[in-house]
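Chain by chain, the residues run as shown.
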Amino acid sequence: MREITFAQALDEAVAEEMRRDERVITVGTDFTGNPQKEFGEKRVRFTPISESVLTGMGLGAAACGYRPIVNWRMVTFCFVAMDQIVNQASKIRYMFGGQADFPVTYRCTTGGGMGLAAQHSQSPYSMWMHVAGLKIILPSSPSDAKGLLKSAIRDNNPVVSFECSRLNAVTGAVPDSDHVVPLGVAEVKRSGKDVTVVGLAFYVQEALAVADALAKENICVEVIDPRTLVPLDVETIRASVRKTGRLVIVDEAPPMCSAASEIAAMVVEDAATFKALKAAPQRVCAAPVPVPYSPTLEQAALPDRAAIVAAIRRVLQ
Amino acid sequence: MREITFAQALDEAVAEEMRRDERVITVGTDFTGNPQKEFGEKRVRFTPISESVLTGMGLGAAACGYRPIVNWRMVTFCFVAMDQIVNQASKIRYMFGGQADFPVTYRCTTGGGMGLAAQHSQSPYSMWMHVAGLKIILPSSPSDAKGLLKSAIRDNNPVVSFECSRLNAVTGAVPDSDHVVPLGVAEVKRSGKDVTVVGLAFYVQEALAVADALAKENICVEVIDPRTLVPLDVETIRASVRKTGRLVIVDEAPPMCSAASEIAAMVVEDAATFKALKAAPQRVCAAPVPVPYSPTLEQAALPDRAAIVAAIRRVLQ
Amino acid sequence: MNIDHITLLHKMMLIREFDELALKLRGSGKIYGTVHPYVGQEAVAVGICANLTNADRVTSTHRGHGHCIAKGADVKRMMAELFGRVDGYCKGKGGSMHIADFAVGMLGANGIVGGGLPLATGAALAAQLDGKGNIAVCFFGDGAVAEGEFHEALNISAVWRLPIVFVCENNHYAANNAVAIQHFTADLAVHASAYGIPGVAVDGNDVLAVRETSRGAIERARRGEGPTLLECKTYRWYFHAMRATPPPETRPADEIAAWKARDPIAKLITELISRRELTESEVGTMLREVRTQLDEAVAFAEASPFPDPKDVLVDMYG
Amino acid sequence: MNIDHITLLHKMMLIREFDELALKLRGSGKIYGTVHPYVGQEAVAVGICANLTNADRVTSTHRGHGHCIAKGADVKRMMAELFGRVDGYCKGKGGSMHIADFAVGMLGANGIVGGGLPLATGAALAAQLDGKGNIAVCFFGDGAVAEGEFHEALNISAVWRLPIVFVCENNHYAANNAVAIQHFTADLAVHASAYGIPGVAVDGNDVLAVRETSRGAIERARRGEGPTLLECKTYRWYFHAMRATPPPETRPADEIAAWKARDPIAKLITELISRRELTESEVGTMLREVRTQLDEAVAFAEASPFPDPKDVLVDMYG
Ligand SMILES: Cc1ncc(C[n+]2csc(CCOP(=O)(O)OP(=O)(O)O)c2C)c(N)n1
Ligand SMILES: Cc1ncc(C[n+]2csc(CCOP(=O)(O)OP(=O)(O)O)c2C)c(N)n1
Ligand SMILES: [Mg+2]
Ligand SMILES: [Mg+2]
């Protein structure tokens with residue numbers, strides 16, 4: 001298997017799917033590499049800065065037989081397009097009684113940790129999770145990035161691909177063949193018996209690092225990556241918690257109504273899983289503030305390994 | 001005390017605050033009654049259908065000494081203005097280091113149950129809760145509606161007022177004097193010892209009705225109305241759960257990453273409260289679909305008293 | 001007799017009678033939710049759709065019944081949708097504001113002012129990529145012109161020379177707000193010039209004029225010469241929308257009377273009679289036929305069952 | 001010597017040297033995040049702000065350093081902000097893309113393309129309500145013209161005759177996309193006509209022309225006659241933005257050379273020397289003074305502490 005970066009893996013996913021199916025087209029204000037060279041100016045389109053029309057345009061073209069990939073770039077920028085996401089994309093299939101499919105993929109980057117301040121450091125996936133009707137992927141490794149994005153492009157529904165910026169340069173092995181990771185399947189990234197840590201995106205890597213460190217103290221951490229936020233693989237997470245009896249969730253979004261809240265809620269509302277819980281589930285999230293610019297404050301605002309360790313120790317008490 | 005409707009209570013709040021402080025102005029595409037008559041065309045402005053510019057305009061005018069009330073009408077319509085809410089209103093104070101205050105109030109209606117179908121039946125408050133930097137009110141009675149909206153208008157921060165449409169015609173006693181309900185204070189609407197039911201908006205009334213019915217079976221339900229979603233009065237809810245050991249949360253938004261998820265998560269992550277829990281907390285939410293039009297489907301999609309009762313029985317088992 | 005003209009008249013009558021009936025049925029509680037009557041504006045949808053095939057796509061608005069019927073949707077299934085029944089176009093999930101019929105190229109009504117503009121632009125992109133000379137038409141009101149999506153859609157369509165016709169139905173009001181509250185000018189075709197596309201205004205109460213003028217714009221789009229902004233000046237006869245009861249009228253009585261005197265249906269009838277393409281008695285027959293058709297639609301809707309609550313999760317994903 | 005002219009030159013120099021320095025400091029890691037250099041466009045901010053007082057408000061963009069300095073912000077506190085220190089304008093919370101100085105009427109840079117337009121419109125509404133003849137100015141790029149918020153802001157400002165000047169800094173690129181990718185025409189002042197407001201284009205590299213032309217628009221706004229769209233044609237000398245390292249240049253070399261030959265600062269110097277308002281040696285002195293001032297700003301920034309992590313929750317609510 002080749003070692004490639006997260007960013008390369010995503011590019012490969014798009015290129016392979018464009019080769020595989022000529023109905024796949026892509027629009028955005030910028031692209032890595034020069035996809036127009038291979039795929040032409042019709043299928044790869046540079047656009048004005050008009051995220052709202054691009055978002056609806058992707059949906060409209062999807063309704064007419066194409067499989068558009070709309071690149072919002074930073075998640076931040078697509079808030080101007082929120083109507084087309086919330087009022088159109090998520091509802092259109094159901095409210096029209098299933099008359100048509102809408103195979104559109106929306107891509108954007110997420111996350112802080114790079115000194116980009118409030119507007120350019122957001123991780124608001126839970127806002128999309130709340131809106132019934134979208135599928136959502138959030139990969140944490142090059143291999144998952146490629147496999148999930150390929151599944152997203154092949155899916156017949158609007159899928160939002162959240163791509164964590166801090167992972168861009170991370171390298172990892174990616175299978176050579178047509179590598180597809182199904183939507184809705186979590187992965188146990190490391191198996192353990194003492195505590196379940198559910199990490200998201202960058203924090204999967206951080207949780208694994210913490211697990212390594214705690215192994216030296218004979219604390220056996222199970223690390224789970226949901227990989228897909230919608231549909232969420234509830235059963236894999238619950239099964240892990242039933243085994244370990246302890247749950248820590250790590251994410252860089254602020255806690256309130258976050259993916260971490262959802263994971264906590266769906267774990268505890270299952271009677272058997274609740275019964276198996278030996279300690280109060282803990283969320284390790286960002287401080288409830290817009291991400292500040294200064295490195296000292298940004299570090300204080302975002303979760304770090306120490307915070308993960310502290311939460312694990314709390315649930316082990 | 002007078003008995004007035006929920007809708008009247010909200011109108012009174014605006015009118016009284018406009019009388020009290022001439023910096024209060026209001027913009028929207030429509031108003032109930034004829035506020036221009038009393039307050040003039042300068043302070044009460046009919047607008048083009050441009051929610052995005054109205055939202056930012058409210059913020060900009062707030063930065064310059066006014067206290068605008070921007071009426072989005074249905075929450076649905078403000079998704080076109082989401083950039084100004086998420087990227088500007090919620091972040092502007094913090095990211096500018098607290099240089100200025102932004103006393104702007106955004107009003108909108110929420111909720112289903114009236115045959116208005118997917119786009120016009122939304123209750124997406126959790127999307128705003130997730131974004132750090134906004135305050136949020138969600139009243140369930142005429143008295144709270146008036147008192148909370150007055151507090152919102154007097155608050156020096158962007159406050160979003162979610163106003164449940166199904167409550168519009170509900171009447172209730174409202175104190176005559178300058179009636180203000182502080183932000184961030186939940187209310188125990190009915191005291192009980194067996195189970196804590198946290199209801200939101202319309203479902204506070206429904207929870208109270210269920211509590212009445214179950215009282216006949218000697219099931220003693222405590223009903224809590226958070227009233228303000230941000231800041232959320234965590235302690236009142238936790239204290240109730242520590243007393244009853246059981247928690248049911250009722251809301252008409254879909255469950256995923258909802259206010260109900262947040263309430264479940266923040267209850268269970270407190271060690272003492274977790275310890276006091278005798279059963280798995282239950283969420284009673286809408287089905288994870290856009291609200292359908294047909295009455296049979298809409299009823300199936302939204303929570304009802306039977307679902308609340310069933311959840312209460314589950315936690316009492 | 002000119003079959004095309006008779007078809008225009010028939011469609012306009014069908015729209016009018018459909019919406020008159022829908023208002024009554026809303027009043028009696030058979031229809032739920034909100035009804036936005038299209039009465040008075042029939043010439044716009046009918047005149048434009050006369051130039052379209054099923055392979056051409058349209059997007060519509062909250063006031064969508066007219067566009068549906070003009071594009072060829074079946075009034076039976078429309079009525080069943082308004083009744084919230086399983087045989088409705090959306091199986092009862094959509095209702096008045098969300099009727100779509102993809103089979104005839106009707107990509108849906110839309111409850112969001114301006115919300116259909118991006119979707120139509122996407123349909124136009126698909127048509128351009130298909131390269132078969134099909135086009136997209138986007139209907140929207142004068143109110144929608146104040147929304148940013150209007151501007152974004154025109155801009156990108158102009159830059160990409162998309163095969164699309166933007167049809168602004170300027171009925172001079174957005175809900176209760178007259179056009180002067182919304183815009184500097186009542187002539188909304190002026191917006192075209194900044195995008196370097198033709199901006200054309202037409203009497204939206206004259207179906208033959210609408211058909212003729214829009215044909216130019218549509219042919220232009222089919223030839224790959226890009227978008228047109230077509231403003232149809234018209235007026236709605238009734239209130240903006242009705243739920244349980246009709247809301248009070250807030251517009252000047254003389255203004256309403258003047259526009260009613262310019263009834264697009266009466267105008268076409270007069271024209272066709274004067275051309276001897278039609279007789280009074282044929283008009284009567286046609287109206288009876290339309291009413292019978294609508295009675296059947298109501299019977300169809302009544303006979304259709306309500307959706308099974310168990311199906312609430314069906315149709316979410318494809 | 002004409003004090004006003006010298007002030008213009010001084011501000012332009014200060015902006016240029018500030019941004020040249022900021023790029024270096026970004027390269028050396030003293031500054032974090034992204035720096036969007038304003039170099040080449042100095043005449044726009046300086047020419048326009050020369051007509052404003054602290055009671056007039058401006059909103060800015062991601063490329064905001066020039067607007068800050070022109071509006072009267074202190075380079076010391078700006079530099080401290082770029083360094084992420086507590087004495088920065090935002091106490092280190094904002095950084096380059098979010099500098100604001102409410103005391104001088106600078107309502108903030110903005111990381112969202114088009115995001116400042118609604119805010120400025122609100123400031124204009126406040127000014128109109130105040131009735132004291134103050135105004136708002138909104139700076140934005142050619143890229144922002146494609147966003148819906150541009151259109152919404154112009155429309156409502158026109159309908160309400162708000163005292164605002166919309167300043168489009170047309171530097172012919174949005175990131176790497178030339179204006180032809182974004183718009184039908186490179187002449188963006190054309191958008192004014194649909195709103196019934198004046199649309200004026202000016203050489204954005206000629207500070208005296210900018211000052212003169214914008215004065216007209218500003219006085220018009222002060223008199224209560226409503227908004228103007230002012231397009232300033234200019235060019236940025238460098239890449240769109242720099243993080244750790246400068247990105248490659250993608251624009252044609254001859255285009256860059258042609259615009260550099262029209263350096264707004266050199267142009268003003270030549271003009272003032274030819275008018276005998278300035279000598280070469282005075283220019284040298286001024287440049288040295290500017291550099292000293294910036295050295296002091298860096299020293300000030302270096303001396304200022306990083307924010308205490310414990311203060312992460314401070315400033316959230318008022
Ligand atoms: C984004 C948005 N804002 C507000 C509304 C509420 N609304 C529904 S229809 C309407 C008026 C629309 O006027 P116009 O576009 O002229 O269409 P008309 O009703 O005249 O056909 C308004 C304000 C909405 N549906 N969507
Ligand atoms: C809504 C939004 N979309 C995209 C971006 C990313 N972005 C930042 S600056 C920029 C180009 C802006 O071009 P222009 O408005 O011409 O300003 P200039 O950079 O030329 O000064 C883009 C696309 C953004 N910040 N906001
Ligand atoms: Mg209208
Ligand atoms: Mg530019």
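Residues numbered from 1 in each chain as written. Chains lettered and ligands numbered in written order. Predicted model: local features only at pLDDT ≥ 70, side-chain atom pairs only at ≥ 80, totals over all residues. Heavy atoms only, no water.

Trainee: Quick one: what's the story with the site of ligand 2, residue by residue and with numbers?
Mentor: Of all residues adjacent to ligand 2, which total 18 residues, the nearest are Glu51 of chain A together with His62, Arg63, Gly111 and Asn171 of chain D. Chains contributing residues to the immediate surroundings of ligand 2 are chains A and D. Residue Val113 of chain D places a main-chain N or O atom 3.0 Å away from a nitrogen atom belonging to ligand 2. Taken by itself ligand 2 offers 590 Å² of open surface, and the protein chains cover 93% of this. For the shell around ligand 2, the per-class residue count stands at eight nonpolar, six polar and four charged. (Near = heavy atom within 4 Å. Polar contact = N/O pair within 3.5 Å; in protein donor to acceptor, adjacent residues only side chain to side chain. Areas by Shrake-Rupley, 256 points an atom, 1.4 Å probe, with all protein chains shown as cover. Nonpolar A, V, L, I, M, F, W, Y, C, P; charged D, E, K, R; others polar.)

Trainee: Explain the site of ligand 1 residue by residue, including any values.
Mentor: Near ligand 1 you find 18 residues, and of these Glu51 of chain B together with His62, Arg63, Gly111 and Gly143 of chain C are the closest. Mapping the residues adjacent to ligand 1 onto the chains of the assembly identifies chains B and C. Interatomic distance of 2.8 Å between a backbone N/O atom of Gly143 of chain C and an oxygen atom of ligand 1. Residue Asn171 of chain C places a side-chain N or O atom 2.8 Å away from an oxygen atom belonging to ligand 1. In isolation ligand 1 offers 580 Å² of accessible surface; the protein chains occlude 94% of this area. Of the residues contributing to the shell around ligand 1, the split by class is eight nonpolar, six polar and four charged.

Trainee: Any chance you could break down the pairing of strand β2 (residues 136-141) of chain D for me, citing the residues and the numbers?
Mentor: All names here are of chain D. The element β2 is extensively covered by neighbouring structure, given that five of its six residues are classed as buried. Two elements, strand β1 (residues 57-59) and β2, share three bridges in a ladder whose sense is parallel. When the bridges of β2 are listed, Thr59 appears paired with Cys138. In this structure, β2 lies alongside strand β3 (residues 164-170), joined through six bridges in parallel fashion. Bridge assignment links Val137 to a residue of β3, and that residue is Val165. Taking the sense of rotation as the criterion, the β-α-β connection linking β2, helix α6 (residues 148-160) and β3 turns out right-handed. (Buried < 20%, exposed > 50% of the residue type's maximum accessible area, 1.4 Å probe, protein only. Helix = DSSP H or I, 4+ residues; strand = E, 2+ residues; numbered from the N terminus. Pairing = 2+ DSSP bridges. Right-handed = clockwise from strand over helix to strand, strands pointing away.)

Trainee: Describe the interface of chain C and chain D, with residues and values.
Mentor: For an interface, size is often stated in terms of accessible area lost upon the parts coming together. Across the boundary between the two partners, chain C contributes 21 residues, which contact 21 residues of chain D. Surface buried jointly by chain C and chain D totals about 1600 Å² across both partners, of which 54% is contributed by carbon and sulfur atoms. Considering only the side of chain C, the residues that lose the most area to chain D are His151, Phe184 and Ala194 of chain C, jointly responsible for 33% of the buried surface there. For the pair chain C and chain D, the interface holds zero salt bridges. Here chain C and chain D share six residue pairs in polar contact (both at pLDDT 80 or more) between them. Broken down by secondary-structure element, the contributors of at least two residues to the side of chain C that touches chain D are α6 (148-160) and α7 (179-182) of chain C. In terms of residue count, the dominant contributor to the side of chain C that touches chain D is α6 of chain C (six residues). Its residues placed into classes, the side of chain C that touches chain D shows 10 nonpolar, nine polar and two charged. (Contact = heavy atoms within 4.5 Å. Buried area = accessible area lost by both parts, 1.4 Å probe. Salt bridge = Lys/Arg side-chain N within 4 Å of Asp/Glu carboxyl O.)

Trainee: Give me the coordination of the magnesium ion (ligand 3): which residues, what numbers.
Mentor: All names here are of chain C. Here the magnesium ion (ligand 3) is held by the protein donor atoms Asp142 (OD), Asn171 (OD1) and Tyr173 (O), which lie 2.0 to 2.1 Å from it. Each donor residue of the magnesium ion (ligand 3) belongs to the same chain, and together they define the spacing D-x28-N-x1-Y. Placement of the pair is Asp142 in the loop between β2 (136-141) and α6 and Tyr173 in strand β4 (residues 173-174), with a sequence separation of 31 residues. A relative accessible area of 1% places Asp142 in the buried class. Taking relative accessible area as the criterion, Tyr173 reaches 9% and is therefore assigned buried. (Donors = N, O, S within 2.8 Å, 3.2 Å for Na, K, Ca; no water.)

Trainee: Give a detailed account of the relation of the copies chain C and chain D, specifying residues and quantitative values.
Mentor: Rotating chain C by 180 degrees and moving it 0.0 Å along the rotation axis overlays it on chain D with an RMSD of 0.0 Å. The superposition of one copy onto the other is thereby described by a two-fold rotation axis. Closest approach to the rotation axis within chain C is made by the C-alpha atom of Gly148 of chain C, at a distance of 1.7 Å. Both copies present the same face, since 100% of the interface residues in chain C are matched by interface residues at the equivalent positions in chain D. (Least-squares fit on C-alpha atoms with pLDDT ≥ 70 in both.)

Trainee: I'd like a description of the sheet that holds strand β11 (residues 221-225) of chain B, backed by residues and values.
Mentor: All names here are of chain B. The five strands are arranged β9-β11-β10-β13-β14 in an open sheet whose pairing can be described as mixed. Here the strands that pair on one side only, and so sit at the sheet edges, are β9 (187-190) and β14 (282-284). Each strand axis lies, on average, 25 degrees off the axis of its neighbour in the sheet, ignoring direction. Looking at chain direction, strand β13 (residues 247-250) and β14 are connected through three bridges and run parallel. If you follow Ile249 over to β14, its bridge partner there is Arg283. Helix α10 (residues 259-268) contacts β10 (195-199), β13 and β14 of the sheet and is inclined by roughly 160 degrees relative to β13. (Axes fitted to C-alpha atoms, helices over the stretch in contact; angles between N-to-C directions.)

Trainee: Outline the interface of chain B and chain A, supporting the account with residue identities and numerical values.
Mentor: Listed as interface residues are 54 residues of chain B and, on the opposing side, 54 residues of chain A. Summed over the shared surface of chain B and chain A, the number is four salt bridges. In this structure, the salt-bridge partner of Arg283 of chain B is Glu269 of chain A, at a minimum N-O distance of 2.8 Å. Summed over the shared surface of chain B and chain A, the number is 26 residue pairs in polar contact (both at pLDDT 80 or more). Among the secondary structure elements, those contributing two or more residues to the side of chain B that touches chain A are α4 (82-89), α5 (92-95), α6 (125-130), β12 (228-230), α10, α11 (271-276) and β14 of chain B. Residue contributions to the side of chain B that touches chain A peak at seven residues, all from α10 of chain B.

Trainee: Give me the lowdown on the coordination of the magnesium ion (ligand 4), citing residues and values where you can.
Mentor: All names here are of chain D. At the metal site, the magnesium ion (ligand 4) is ligated by Asp142 (OD), Asn171 (OD1) and Tyr173 (O), and these contacts range over 2.0 to 2.1 Å. Read N to C, the donor residues that coordinate the magnesium ion (ligand 4) are spaced as D-x28-N-x1-Y. Of this pair, Asp142 sits in the loop between β2 and α6 while Asn171 sits in the loop between β3 and β4 (173-174), and the two are 29 residues apart along the sequence. Owing to a relative accessible area of 5%, Asn171 belongs among the buried residues under this scheme.

Trainee: Talk me through the environment of Glu212 of chain D; I want residue IDs and the actual numbers.
Mentor: Structurally, Glu212 of chain D can be placed in helix α8 (residues 207-222). For Glu212 of chain D and Ile48 of chain D, which are 164 residues apart along the polypeptide, the C-alpha to C-alpha distance reads 8.5 Å.

Trainee: Summarise the relation of the copies chain B and chain A; cite the residues concerned and give the values.
Mentor: Expressed as a screw operation, the relation of chain B to chain A combines 0.0 Å of axial shift with a rotation of 180 degrees, fitting to an RMSD of 0.0 Å. The residues that chain B uses at the interface reappear at the interface of chain A in 100% of cases, marking a shared surface.

Trainee: Summarise the pairing of strand β7 (residues 159-164) of chain B; cite the residues concerned and give the values.
Mentor: All names here are of chain B. With six of six residues buried, β7 is to be regarded as a mostly interior element. Residues Val159, Ser161 and Glu163 line one face of β7 and the alternating positions Val160, Phe162 and Cys164 line the opposite face, and both faces are buried. The sheet contact formed by strand β5 (residues 105-110) and β7 spans six bridges and is parallel. Each residue of the ladder has a partner; that of Thr110, found in β7, is Cys164. Between the parallel elements strand β6 (residues 135-137) and β7, the chain passes through helix α7 (residues 142-154) in a crossover that is right-handed.

Trainee: Help me get a handle on the nonpolar core, residues and values and all.
Mentor: Ranked by size, the top nonpolar core spans 428 residues in total, and within it Trp128 of chain A together with Trp128 of chain B carry the most contacts. Aside from chain neighbours lying at most four places away, what touches Trp128 of chain A is Trp72, Val75, Cys78, Phe79, Met82, Ile85, Leu134, Ile136, Val160 and Phe162 of chain A. (Core = buried A, V, L, I, M, F, W, Y, C linked by side-chain atoms within 4.5 Å.)

Trainee: Hey, could you go over the sheet that holds strand β6 (residues 199-203) of chain D for me, with residue numbers and the actual values?
Mentor: Residue and element names in this part refer to chain D. Spatially, β1-β2-β3-β7-β6 is the arrangement adopted by the five strands of the open sheet, whose pairing is parallel. Whereas interior strands pair on both sides, the edge strands pair on one side only; in this sheet they are β1 and β6. Across the sheet, the mean angle separating the axes of adjacent strands is 20 degrees when strand polarity is ignored. Relative to strand β7 (residues 228-233), β3 is paired through six bridges, and the arrangement is parallel. Residue pairing for β7: Phe166 is matched across the bridge by Leu229. Across the face of the sheet, α6 comes into contact with β2, β3 and β7 while running at roughly 150 degrees to β3. Strands in contact with α8 are β3, β6 and β7; relative to β6, the strand with the most contacts, it is inclined by about 155 degrees.

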